[in-house]
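Next come the chains, spelled out residue by residue.
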Amino acid sequence: MNLFAAPTAQGKPASLDIVPQKELRFGSFGVLSSGTRTVSPSGAVTTIGLIPAQGSVTGPAEFNIVYDRGNESRRATTLVIEVILMAPPRLNQGGLSATVSDFTTDLPGAATLAPGQPATFTIDNCITRLCSRSFRVGGRLQVQRTYGGGSISIPLPITANVILVDGRRP
């Protein structure tokens, strides 16, 4: 009589990760009292009331969403994914006050991202173990200076969830 049974294989559950690739970069500049700089998802930059520094690096934030099917079948799957940008914090340091607003994206059907409001997109024909989609986010930086100066770094907190797999909730 054998009292030991072979362990049953556990399937790896499906998962979704959002991987930041690059931060939203507004570059270096001087500011006398206030100004704005807008960076689009394509990387176009508009500056008002700021003095751009030579050679500064600007660019949109870049994210990669990766869906791992786990040990599910290899049939073609359609995913509907929801992305939510949380309101980024306001920066107050060294006489500088800065906010980021007016978020734009290159996701199809979601040209703008309002903090707290979901934006959805579809990944069609997911047949490999890992399916991914990259996207970019631009925004508008509003800066006010009362004295001093310094470096401005404001993170973009963003989450993603799978809301439908082949038309059904996961």
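For clarity, every value in this text was computed on a predicted model and none was experimentally measured. (Residues numbered from 1 in each chain as written. Predicted model: local features only at pLDDT ≥ 70, side-chain atom pairs only at ≥ 80, totals over all residues. Heavy atoms only, no water.)

## Looking at the pattern of salt bridges
Applying the stated criterion to the full structure yields five salt bridges. A salt bridge links arginine 136 to aspartate 106; the nearest nitrogen and oxygen atoms lie 3.6 Å apart. Here arginine 136, found in strand β12 (residues 130–145), pairs with aspartate 106, found in the loop between β9 (96–105) and β10 (112–113); they are 30 residues apart in sequence, far enough to count as distant. Using a relative accessible area of 33% as the deciding quantity, one classes aspartate 106 as partly exposed. (Salt bridge = Lys/Arg side-chain N within 4 Å of Asp/Glu carboxyl O. Helix = DSSP H or I, 4+ residues; strand = E, 2+ residues; numbered from the N terminus. Buried < 20%, exposed > 50% of the residue type's maximum accessible area, 1.4 Å probe, protein only.)

## Structural notes on the state of the cysteines
Scanning the model with the defined rule gives one disulfide in all. Disulfide pairing places cysteine 126 opposite cysteine 131 at an S-S distance of 1.9 Å. The sign of the S-S torsion, about 90°, decides the handedness of the disulfide formed by cysteine 126 and cysteine 131: right-handed. (Disulfide = S-S within 2.5 Å.)

## Quick word on the nonpolar core
Within the largest apolar cluster, 37 residues are counted, with the highest numbers of intra-cluster contacts made by Ile65, Ile81, Val83, Phe135, Val137 and Leu156. Contributing elements (two or more residues each) for this core: β3 (29–39), β6 (61–68), β7 (77–85), β9, β11 (119–126), β12 and β13 (158–165). Ignoring any residue separated from it by four or fewer positions in sequence, one finds valine 137 in contact with Leu24, Pro60, Ala61, Phe63, Phe103, Thr104, Thr105, Leu113 and Leu156. (Core = buried A, V, L, I, M, F, W, Y, C linked by side-chain atoms within 4.5 Å. Contact = heavy atoms within 4.5 Å.)

## A closer look at the packing of aromatic side chains
The description of an aromatic ring pair rests on the distance of the ring centres and on the angle between the ring planes. Here the structure, examined in full by the defined rule, presents one aromatic pair. Between phenylalanine 63 and phenylalanine 135, the ring centres sit 5.5 Å apart and the planes meet at 25°, which makes this aromatic pair stacked. Linking phenylalanine 63 in strand β6 with phenylalanine 135 in strand β12, this pair joins segments that are 72 residues apart in sequence. In this structure phenylalanine 135 comes out as buried when scored by relative accessible area, which is 1%. (Phe/Tyr/Trp six-rings, centres within 6.5 Å; stacked < 30°, edge-to-face > 60°.)

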